[in-house]
Amino acid sequence: MLEAQNGEEALDIFQNREEFLDLILLDLNMPRMGGLEFLKILKSNEKLKHIPVVI
């Protein structure tokens, strides 16, 4: 299990991993980069868009 305090930190985790996660639990109300902005970036990435997200 990995944990990020905000969307920017979560994106950093994905950039530094060779393996991807099976599921993302997402809070929409996060500091610096909110959940909706994170989700938009995640789903626009071909390598990451297949990961299911629970909001």
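Before any of the text, the structure's been laid out above.
What you see is a predicted model, and the numbers here were worked out from it, not measured in a lab.

Thresholds applied
Residues numbered from 1 in each chain as written. Predicted model: local features only at pLDDT ≥ 70, side-chain atom pairs only at ≥ 80, totals over all residues. Heavy atoms only, no water. Salt bridge = Lys/Arg side-chain N within 4 Å of Asp/Glu carboxyl O. Helix = DSSP H or I, 4+ residues; strand = E, 2+ residues; numbered from the N terminus. Buried < 20%, exposed > 50% of the residue type's maximum accessible area, 1.4 Å probe, protein only. Core = buried A, V, L, I, M, F, W, Y, C linked by side-chain atoms within 4.5 Å. Contact = heavy atoms within 4.5 Å. Axes fitted to C-alpha atoms, helices over the stretch in contact; angles between N-to-C directions. Parallel < 35°, antiparallel > 145°, perpendicular 65-115°, else oblique. Left-handed = near helix turned anticlockwise from the far one by under 90°. Nonpolar A, V, L, I, M, F, W, Y, C, P; charged D, E, K, R; others polar.

Caption draft 1: Broad picture of the pattern of salt bridges. Scanning the model with the defined rule gives 2 salt bridges in all. Glu8 serves as the salt-bridge partner of Arg32, at 3.4 Å between the closest nitrogen and oxygen. Taken together, the residues Arg32 in the loop between strand S1 (24-25) and helix H2 (35-44) and Glu8 in helix H1 (residues 7-15) connect sequence positions 24 residues apart. Accessibility expressed as a relative area gives 61% for Arg32, which makes it exposed. Classification of Glu8 as partly exposed rests on a relative accessible area of 34%. Across the pair Glu46 and Lys49 runs a salt bridge, and its minimum N-O distance is 3.1 Å. A relative accessible area of 38% places Lys49 in the partly exposed class.

Caption draft 2: Focus on the nonpolar core. Ranked by size, the top nonpolar core spans 12 residues in total: Ala10, Leu11, Phe14, Ile24, Leu26, Met30, Met33, Phe38, Leu39, Leu42, Leu48 and Ile51. Those elements that provide at least two residues to this core are H1 and H2. Among all residues touching Phe14, those that are not within four sequence positions of it are Phe20, Leu21, Ile24, Phe38, Leu42, Leu48 and Ile51.

Caption draft 3: Structural view of the packing of H1 against H2. The N-to-C vectors of H1 and H2 enclose an angle of 25°; their axes lie 9 Å apart at closest approach. As judged from the angle between their axes, H1 and H2 are roughly parallel. Crossing hand, H1 versus H2: right-handed. Every residue of H2 that contacts H1 at Gly7, Ala10, Leu11 and Phe14 is listed here: Phe38, Ile41 and Leu42. Its residues assigned to classes, the contact of H1 with H2 comprises 6 nonpolar, 1 polar and no charged.

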